[in-house]
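# Per-entry structural report
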Amino acid sequence: MAPPQERDYIGLSPAAAAAAATELRLGLPGTEEAEGGEEAAGVPLTLELLPKGSAKRGFTDAIVGGSAGQLLDAAARGKAAAAEEDEEEEEEKKKAQAPAAKAQVVGWPPIRSYRKNTMAMSLPAPKIKDDVEAKQTPTQGCLYVKVSMDGAPYLRKVDLKVYNNYKELSLALEKMFSSFTVGLGKSNGKSGREGLADCRLTDLKNGTELVLTYEDKDGDWMLVGDVPWQMFTDSCRRLRIMKGSDAVGLGKYR
Amino acid sequence: MGRGGSRAAPAAAMPPWHALPDEVWEHAFSFLPAASDRGAAAGACRSWLRAERRSRRRLSVANCYAASPQDAVERFPAVRAAEVKGKPHFADFGLVPPAWGAAAAPWVAAAADGWPLLEELSFKRMVVTDECLEMIAASFRNFQVLRLVSCEGFSTAGLAAIAAGCRNLRELDLQENEIEDCSIHWLSLFPESFTSLVTLNFSCLEGDVNINVLERLVTRCRNLKTLKLNNSIPLDKLASLLHKAPQIVELGTGRFSADYHPNLFEKLEAAFAGDGLAVSVSHLHKFHLNIETVNFQVMDLIEDHGLAVVASSCNKLQELRVFPSDPFDAAGQVSLTERGLVDVSASCPMLESVLYFCRRMTNEALIAIAKNRPNFTCFRLCIIEPHTPDYITHQPLDAGFSAIVESCKGLTRLSVSGLLTDHVFKSIGAHADRLEMLSIAFAGNSDLGLHYILSGCKSLKKLEIRDCPFGDKPLLANAAKLETMRSLWMSSCSLTLGACRQLARKMPRLSVEVMNDPERACPLDSLADETLIDKLYVYRTIAGPRSDTPACVQIV
């Protein structure tokens, strides 16, 4: 039996725990049946996704769709909860992939991330039914770019397709490099330069301001936030977090 | 070795064997290259222990935390070639927290100190910094082979140090590393006088490489046999490169960019027709087959019909890997199914290693494959959708995988997938006697599954499990087994903190690492025994608990 605080421990807030318990269980509906023994043993019947932080969706989200309600383990869950989740799902499918709704299990299928990017780059252009679709849906599944931070010993990689805007990217980077004491700086609230302000980070250790920059298709280093998000993801080759003082002179010359 | 030469009197009775000088044993042991044989010899008696360890030339440390670098250097002072491996395999798929550990620096430092004659160094899944590479270049005057596999933490600046400093370098083999591009033209730092290269592999490098510098390097290294390039070299330049360097016998052309043209490939082929050059191309869907092909790595765009062609032409094929072109495309537009694998297994008698991603499978196909190829040593099948049953009978794939382990008696590595119950683990536990590495994901129904594995599988060294309903009982019941294994990884299963604590208390020679979500780095001490843990990594060690764990990893 799983007391609530265990849910907390594995990264769910109590509120999310209820919703998360109705998370899609992986697998096609009707595949495994409840076997009495397992229930009695108090072990979860089949594995559930253990969401990490934000509730990640089941892998079969895209295809199982309406059958999401047929969860076997949801003994105590009412139809209401299931229906609510169906609605949520529909909504999320319509949005461009938000990080919380990405139909992906961490580390599955077991392919190296660099290989994923390779395959994305080496495929011939996919057959697109019509132009409208082409504009709305991303052409490939993921877009990994390297992120380096001055002074940090390791490089990281992020999948730009997972984020919708600069703020989400900024937050994610803050988390990623949190062990190097980076904190999100205060946004100056300049509405016109919203993108740019979101990307000010602060090295909390010595108070120096850090700036997020990227290398574009032409090999130029630009400040992140200058161009619309979509344009940014199309042209960004890699990211670098550098000291504010080093970023003098960077900017757009368009 | 005592007084040589013949004596007039009949030679004194041979000294009893255990009094023979060490040099005799060292010479004898030089005929035992296999580490396991040497290890067995070392266990026989003190003099053999002494002779063996003092003459050991090759050392492989399969888990960098199983022993300390100082221990290794002290125990084996004559090592010339060392290999050290770090992170658990699932780190490849992002399951291991960043900053987990596996720093190469302590090993490089200890080696610099204790093995000045070191010639070969190989790191796998470790964090190698530019400082490490600089130290390597500076510390070993006869350094010859550097192999880095799946490592990270270094840049082209480190490679520059190697190029500039290692006068006798024969092999620079970089496989699947994450290398930061510092825009340093590291290739041009090999001095003009440098000609010793035999193998150069920089396929994982993402930056550009100057083709002229490469040409000059390749032409002056007359012993260069293997050259594996990255995708910065356009195919049409390759032909001219090869003309200048006819000594190359193995060429890797790296990844193909999206604007690949089939006729360029023909041009390449024409450039060295008849030379017996083996070209390995990755990620090509329009493939060119060479009947000598031994390793074939391709995307599923090859489809079943393509594999049928491979099956009929490449009867020397030993290893096949088929990757999914679009892993997240649930619709599965590509027609790659169990048929492809069945065909290849039927027609390639030397096939012994398979990595196959597909979307559907049947027990019947697996049984046929098992019957066709009892000589498999490595069988890794990944059915992309978890819990996928036999698509015709809708049954679990227990029967199919059971057939594999029953038929392939020499199987040393297995990855299972699809819908599987505890039954398949019973078969694996009972039949897979030579199995050393087992990967399980989204399988099993109860503790029994894990128990079958841990109580069977006589040769098991590495077990990695994710998202299975396995709990505390089989782990604790088979605690002793864990000391016979190198390591165990379990994530997203049903383990409690209490069981981990119990395991750690019971087995002092195991290191029990528990990892929790970095966003909730609360100290484990404050949590109750019933708390479920997310990730567990257990390994045997003589070095005691390591001291370089990040905040999200705690040793129980």
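Quantities reported herein were computed from a predicted structural model and do not represent experimental measurements.

Criteria and cut-off values
- Every residue gets a number counted from 1 within its own chain, in the order that chain's sequence is written.
- Think of it this way: whatever chain is written first is A, whatever ligand is written first is 1, and the rest follow in order.
- Per-residue local features of the predicted model are confined to residues with pLDDT of at least 70, and side-chain atom pairs are confined, for both listing and counting, to 80 or more; whole-chain, interface and lining totals are unaffected and use all residues.
- The side-chain quantities take in all heavy atoms of the structure and omit both hydrogens and water.
- Helix numbering and strand numbering both begin at the N terminus, where a helix is a DSSP run of H or I of at least 4 residues and a strand a DSSP run of E of at least 2.
- Whether a residue is buried, partly exposed or exposed follows from its accessible area with a 1.4 Å probe, protein chains only, as a fraction of its type maximum: under 20%, in between, or over 50%, in that order.
- Note that accessible areas follow from Shrake-Rupley with a 1.4 Å probe, and for residues the cover is restricted to the protein chains shown.
- Whether two strands pair depends on DSSP finding at least two bridges between them.
- Axes here mean lines fitted to C-alpha atoms, for a helix over just the part in contact, with angles spanning 0 to 180 degrees between N-to-C directions.
- Note on contacts: a residue pair is in contact if any heavy atoms of the two residues lie within 4.5 Å.
- Pairs of N or O atoms within 3.5 Å make up the polar contacts considered here, provided that, within protein, one atom can donate a hydrogen while the other can accept it, and that residues adjacent in sequence are counted only when both atoms are side-chain atoms.
- UniProt positions are given in the numbering used here, feature names are shortened, and annotations may be inferred rather than shown by experiment.
- What sets the label is the angle itself: under 35 degrees gives roughly parallel, over 145 gives roughly antiparallel, 65 to 115 gives roughly perpendicular, and the rest give oblique.
- By convention, the crossing between two helices is left-handed when the near helix turns anticlockwise from the far helix through less than a right angle, and right-handed when the turn is clockwise.
- Think of it as three bins: nonpolar holds Ala, Val, Leu, Ile, Met, Phe, Trp, Tyr, Cys and Pro, charged holds Asp, Glu, Lys and Arg, and polar takes everything else, Gly as well.
- By definition, a salt bridge exists where a carboxyl oxygen of Asp or Glu is found within 4 Å of a side-chain nitrogen of Lys or Arg.
- Ring pairs shown here join Phe, Tyr and Trp side chains whose ring centres sit within 6.5 Å, with only the six-membered ring taken for Trp; geometry is labelled stacked below 30 degrees between planes, edge-to-face above 60, and tilted in between.
- Two conditions define a charge sitting above a ring: the NZ of Lys or the CZ of Arg must be within 6 Å of the ring centre, and it must be within 35 degrees of the ring normal.
- The reported arc concerns the directions from the helix axis to the C-beta atoms and nothing else.

## Considering the overall build of chain B
Looking only at helices and strands, chain B has 19 helices and 22 strands in total. Here chain B holds 556 residues, and the buried ones make up 55% of them. Of the roughly 23,200 Å² of accessible surface on chain B, 52% is carried by carbon and sulfur atoms.

## Let's talk about the sheet that holds strand β16 (residues 413-415) of chain B
Two pairing modes exist for strands in a sheet, parallel and antiparallel, and in both the strands are linked by backbone hydrogen bonds. Residues and elements named next belong to chain B. With mixed pairing, the eleven strands of this open sheet are ordered in space as β12-β13-β14-β15-β16-β17-β18-β19-β21-β20-β22. In this open sheet, the two strands that pair with only one neighbour each are β12 (295-299) and β22 (553-555). With strand direction ignored, the average angle separating the axes of adjacent strands in the sheet is 10°. Judged from the three bridges that link them, β16 and strand β17 (residues 437-441) form a sheet pairing that is parallel. Counted as the bridge partner of Leu-414 is Leu-438 from β17. Of the strands in this sheet, β17, β18 (462-466) and β19 (487-491) are in contact with helix α16 (residues 447-455), which crosses β18 at around 170°.

## Quick word on helix α8 (residues 211-220) of chain B
Side chains that are three or four residues apart share a direction in an α-helix, a result of its 3.6 residues per turn. Residues and elements named next belong to chain B. A large share of α8 lies buried, amounting to seven of its ten residues. Taken residue by residue, α8 has Ile-211, Val-213, Leu-214, Glu-215, Leu-217, Val-218 and Arg-220 as its buried positions. Near the N-terminus of α8, the side chain that reaches the backbone nitrogen of Asn-212, with its oxygen 2.8 Å away, is that of Asn-210.

## Focus: unusual backbone geometry
Omega for the peptide link from Trp-108 of chain A to Pro-109 of chain A comes to -5°, which places this bond in the cis form. At His-394 of chain B, a residue that is not glycine, the phi angle is positive and equals roughly 65°. Among the secondary structure elements, His-394 of chain B is positioned in the loop between β15 (378-383) and α14 (398-407). Look at His-394 of chain B and you get exposed, because its relative accessible area is 55%.

## Side note on the UniProt feature "domain: Transport inhibitor response" (unreviewed entry) in chain B
Annotation from UniProt places "domain: Transport inhibitor response" (unreviewed entry) at residues 77-123 of chain B. Counted over residues 77-123 of chain B, helix gives 21% and strand 19%. Its end C-alpha atoms are 19 Å apart.

## As for the side chain of Thr-531 of chain B
Residue and element names in this part refer to chain B. Looking at the element boundaries, Thr-531 is found in the loop between β20 (510-515) and β21 (535-540). Judged by its relative accessible area of 7%, Thr-531 falls in the buried class. Here the side chain of Thr-531 touches Ala-528 through a polar contact of 2.5 Å, landing on its backbone oxygen.

## A few points about the packing of helix α12 (residues 338-347) of chain B against helix α13 (residues 363-372) of chain B
Residues and elements named next belong to chain B. α13 packs onto α12 with a crossing angle of 15° between their chain directions and a minimal axis gap of 9 Å. Classed by the angle they form, the pair α12 and α13 counts as roughly parallel. In this structure, α12 crosses over α13, and the sense of that crossing is left-handed. Across the interface between the two elements, Glu-338, Leu-341, Val-342, Ser-345 and Ala-346 of α12 pack against Ala-365, Ile-369 and Asn-372 of α13. Each residue belonging to the contact of α12 with α13 can be placed in one class, and the counts come to five nonpolar, two polar and one charged.

## Description of the pattern of salt bridges
Where side chains of opposite charge bring their charged atoms close, a pairing between them can arise. Under the defined criterion, the tally for this structure stands at 28 salt bridges over all chains. In this structure, Glu-52 of chain B and Arg-56 of chain B form a salt bridge, with 2.7 Å as the shortest nitrogen-oxygen distance. Judged on exposure class, the residue Glu-52 of chain B and its partner Arg-56 of chain B are both buried. Look at the salt bridges and you will find they share partners, linking Arg-112 of chain A together with Asp-92, Arg-125 and Glu-176 of chain B into a network.

## Observations regarding the packing of aromatic side chains
For any two aromatic rings, the description comes down to two numbers: the centre-to-centre distance and the angle of the planes. For the coordinates displayed, the defined rule picks out 22 aromatic pairs over all chains. Note on Tyr-214 of chain A and Phe-232 of chain A: the rings are 4.8 Å apart at their centroids and 90° apart in plane angle, and the pair reads as edge-to-face. You can see Tyr-214 of chain A sitting in strand β5 (residues 209-215) and its partner Phe-232 of chain A sitting in helix α10 (residues 229-235), a full 18 residues away along the chain. Each member of the pair, Tyr-214 of chain A together with Phe-232 of chain A, is buried. Taken together, a centroid distance of 5.6 Å and an interplanar angle of 80° make the contact between Tyr-65 of chain B and Trp-100 of chain B edge-to-face. With Tyr-65 of chain B in the loop between β1 (58-61) and α4 (69-75) and Trp-100 of chain B in the loop between β2 (81-85) and α5 (105-114), this residue pair connects regions lying 35 residues apart in the sequence. An aromatic cluster is built from Tyr-65, Phe-90, Phe-93, Trp-100, Trp-489, Tyr-537 and Tyr-539 of chain B, whose rings are joined through pairwise contacts. If you follow Arg-240 of chain A out to its NZ or CZ, it ends over the ring of Trp-221 of chain A, 6.0 Å from the centre. The positively charged end of Arg-546 of chain B is found above the aromatic ring belonging to Tyr-65 of chain B, 4.4 Å away from the centroid.

## Points about the environment of Ser-313 of chain B
Residues and elements named next belong to chain B. By secondary structure assignment, the location of Ser-313 is in helix α11 (residues 303-313). The sequence separation of Ser-313 and Cys-348 amounts to 35 residues, and the corresponding C-alpha distance is 8.9 Å. At 2.6 Å, the side chain of Ser-313 forms a polar contact with the backbone oxygen of Val-309.

## Re the packing of α5 of chain B against helix α6 (residues 130-139) of chain B
All names here are of chain B. Close contact between α5 and α6 brings their axes to 10 Å; oriented N to C, the two are set at 15°. In this view, α5 runs roughly parallel relative to α6, as classed from their interaxial angle. Two packed elements cross with a definite hand, and for α5 against α6 that hand is left-handed. Taking contact as the criterion, the partners of Ala-105, Val-108, Ala-109 and Ala-112 in α5 are, on α6, Cys-132, Met-135, Ile-136 and Ser-139. Among the residues making up the contact of α5 with α6, the classes are represented as seven nonpolar, one polar and no charged.

## Details of α13 of chain B
All names here are of chain B. Considered for burial, the residues of α13 that qualify are Asn-363, Ala-365, Leu-366, Ile-369 and Ala-370. Projection of α13 onto a plane perpendicular to its axis shows the buried side chains occupying an angular sector of 160°, all on one side. Set apart from the buried face of α13 by more than 90 degrees, the exposed residues are Glu-364 and Lys-371. Next to the buried residues of α13 lie α12, β15 and α14.

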